[in-house]
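The chain contents come next:
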Amino acid sequence: MFGAMSAVMFGAISSAAAQTDLADQIAKADLGYGEYLAGECVTCHRKSGAGIPQINGIEAETFVIIMKAYRSKDLDNKVMQMMAGRLDDEQIISLAAYFSSLSN
Amino acid sequence: MTSISRRGFGGLFGASALGLAMPSLAFGAVPKVVVIGGGAGGATAARYLAKDSKGALDVTLVEASKRYYTCFYSNLYIGGFRKYGSIGHNYYGLAVNNRINVVHEWAASVDGAARTVNLASGGKLSYDKLVLSPGIALKYDSIAGYSPQAQGRMPHGWTSGTQAQQIRNQVLTMKKGGTFVMMPPPNPYRCPPGPYERVSMIAHLLKERNPTAKIIVLDPKEKFSKMGLFTAGWEKHYPGMIEWLGPDSHGGIKSVNHETMEIVTDLDTFKADAASVVPAQRAGSIAMAAGVTDGDWAPIIPATMASKADPNIHVLGDASVASSMPKSGFSANSQAKVAANAIRGELTGSRVYDPRFANTCWSLIATNDGIKVGANYKAGSEKIDVVDKFVSQGGESADVRKTTYEESIGWYNGITSDMFS
Ligand SMILES: Cc1cc2nc3c(=O)[nH]c(=O)nc-3n(C[C@H](O)[C@H](O)[C@H](O)COP(=O)(O)OP(=O)(O)OC[C@H]3O[C@@H](n4cnc5c(N)ncnc54)[C@H](O)[C@@H]3O)c2cc1C
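Since the model is a prediction, treat every value here as computed from it, not as a measurement.

Okay, the overall build of chain A next. Counting its secondary structure elements, chain A contains six helices and zero strands. Moving toward the C terminus, one meets the helices and strands of chain A in the order α-α-α-α-α-α. With 104 residues in all, chain A has 46% of them scored as buried. Put simply, of all contacts in chain A between residues at least 6 apart along the chain, 71% involve residues at least 24 apart. With an accessible surface of roughly 5,100 Å², chain A has 57% of that area assigned to carbon and sulfur atoms.

The following block contains the structure:
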């Protein structure tokens, strides 16, 4: 999985400009919306424990890349493909801003 | 004034004009929400209402039991994959961490006009909004001969508690080479794959301890959830042990007798050494008493989970008519968050976001052989509609099946901490 992920990450950050743009969007994201959307995630993802990775504190830009990779099915997990599948970019960014603000 | 999220959803609720009609709001008091039922739907709703309103709502949870034993994973307990204690949870986190007023009593009736709940003990609670998540009640009379008296020897194990222990004990003490009869319920019922996961877990136990024993499944339905995956799993792990018979084969179930342990169908009489009989189901009785049911279940408005009969009562989980969403703990937890968001918006003016629902049901067939089915949903105007769905495939690798099982452990820890922490 991590092999797939680093390949995905390598391809996703194509230019410095795109990166700044994303950082900017994350800074402006609606944390309240992120927290609301996160309600869907914490049924499975909790702070610690086996079986499903904990996602609090993942760095926001990495978070966005991972979520987009599930959405495009470049990362392989049926549940996560479905969960990411209906999130638009703005929603993913709000989630990234929210989860990255939590301590892991 | 209720602020309208940029997704434009807040507009649906008519905002503050409605809010001011609430008696406690008119006097500037903290609005009161009473939640009946501290299970998958109710515990989640109470927790999100209290946590997210940060003191702006007065939340009371009425739950009869002091300890909630999850039905989810009760089959894994029967199979020996979990200790009984590990599926029990208390209300300490809700009371202490979330400052919810937890009342361990039985709610007897609801007066919708006066907005009060009457407790069986004689106490009374008033509310601005009421959330009902009472789960199911069993329709004992749906099977001739079945009754609360019969459930000692023919346990249903379909509501939380000691029934699961009885089933495990019956399997462990069954005579060598004996017959276990499983009778799944007719649709609709809580946890569509549940009866077949139970069959798998009993087979697992028998394979270890009583390998010449047999399991007969007398199903009132022609087909069932994840049927192909289960039957393939049974052939692989428990060849020759499980015989599934639908109405085509048994002709229809006529009656059960817990004294003779006989189950009579149209075409045959089956003698069981041990049995689990799950009758038909309906919404928990407080939903009936509150007058929000139409037939056996409570119809709701998808975007808010508010009852179609009373706008101040929201119905969650198994008791509600959630159309394409199955009656599961995951569904109830998901619906609770939608309702909590809508209720907070109405009572405190907080932002109301687009409602979204999801469900995944995992089942364990044998050691490290897990399967899953899931979907996400949106609120249509009349029904909760499917957006996207998936299901495990036949012939998946052992690795995928093991990961799927491990995910279910993560989910169990996730949902129970989302309900109770
Ligand atoms: C064998 C089995 C396996 C299952 N496996 C899964 C699974 O793997 N995944 C999954 O998602 N779901 C599973 N489920 C389904 C899941 O247990 C239910 O769908 C879920 O519990 C429904 O939540 P609820 O809030 O509607 O009701 P419940 O969780 O049943 O909660 C209702 C609560 O209300 C209380 N109550 C009721 N009436 C009153 C009253 N008048 N006064 C006070 N208290 C009251 C009850 O004591 C109870 O605690 C399974 C079910 C079974 C039977």
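The next subject is the nonpolar core. Within the largest apolar cluster, 112 residues are counted, with the highest numbers of intra-cluster contacts made by I36, V117 and I215 of chain B. Counting residues per element, this core draws most heavily on helix α11 (residues 329-348) of chain B, which supplies eight residues. Mapped onto the domain boundaries, this core takes at least three residues apiece from domain 1 (2-135 + 284-354) and domain 2 (143-279) of chain B. What I215 of chain B contacts, discounting residues up to four positions off in sequence, is F180, V199, I202, A203, L206, M241, I242 and E243 of chain B. Counting 28 residues, the second-largest nonpolar core is a separate cluster that includes Y36, L75, I93 and A97 of chain A.

Right, let's get into the pairing of strand β25 (residues 384-391) of chain B. Residues and elements named next belong to chain B. In this sheet, β25 lies alongside strand β24 (residues 369-379) in antiparallel orientation, the contact comprising seven bridges. Residue N376 lies in a different strand from β25, and its bridge partner there is D388. Connecting the antiparallel pair β24 and β25 is a turn made up of four residues.

Next up on the list: the site of the ligand. Residues and elements named next belong to chain B. Neighbouring the ligand are 35 residues, the closest being E63, Y68, S133, R190 and D318. A distance of 3.2 Å separates a nitrogen atom of the ligand from a polar backbone atom of A64. Notes on the ligand: free accessible area 990 Å², of which the protein chains cover 94%. Elements represented by at least two residues in the shell around the ligand include exactly α3 (40-53), α4 (74-79) and α11. Across the shell around the ligand, the residue classes break down as 17 nonpolar, twelve polar and six charged. There are two domains that each give the shell around the ligand at least three residues, and those are domain 1 (2-135 + 284-354) and domain 2 (143-279).

Cut-off values and rules
Residues numbered from 1 in each chain as written. Chains lettered and ligands numbered in written order. Predicted model: local features only at pLDDT ≥ 70, side-chain atom pairs only at ≥ 80, totals over all residues. Heavy atoms only, no water. Helix = DSSP H or I, 4+ residues; strand = E, 2+ residues; numbered from the N terminus. Buried < 20%, exposed > 50% of the residue type's maximum accessible area, 1.4 Å probe, protein only. Contact = heavy atoms within 4.5 Å. Areas by Shrake-Rupley, 256 points an atom, 1.4 Å probe, with all protein chains shown as cover. Core = buried A, V, L, I, M, F, W, Y, C linked by side-chain atoms within 4.5 Å. Domains from an automatic or database assignment. Pairing = 2+ DSSP bridges. Near = heavy atom within 4 Å. Polar contact = N/O pair within 3.5 Å; in protein donor to acceptor, adjacent residues only side chain to side chain. Nonpolar A, V, L, I, M, F, W, Y, C, P; charged D, E, K, R; others polar.

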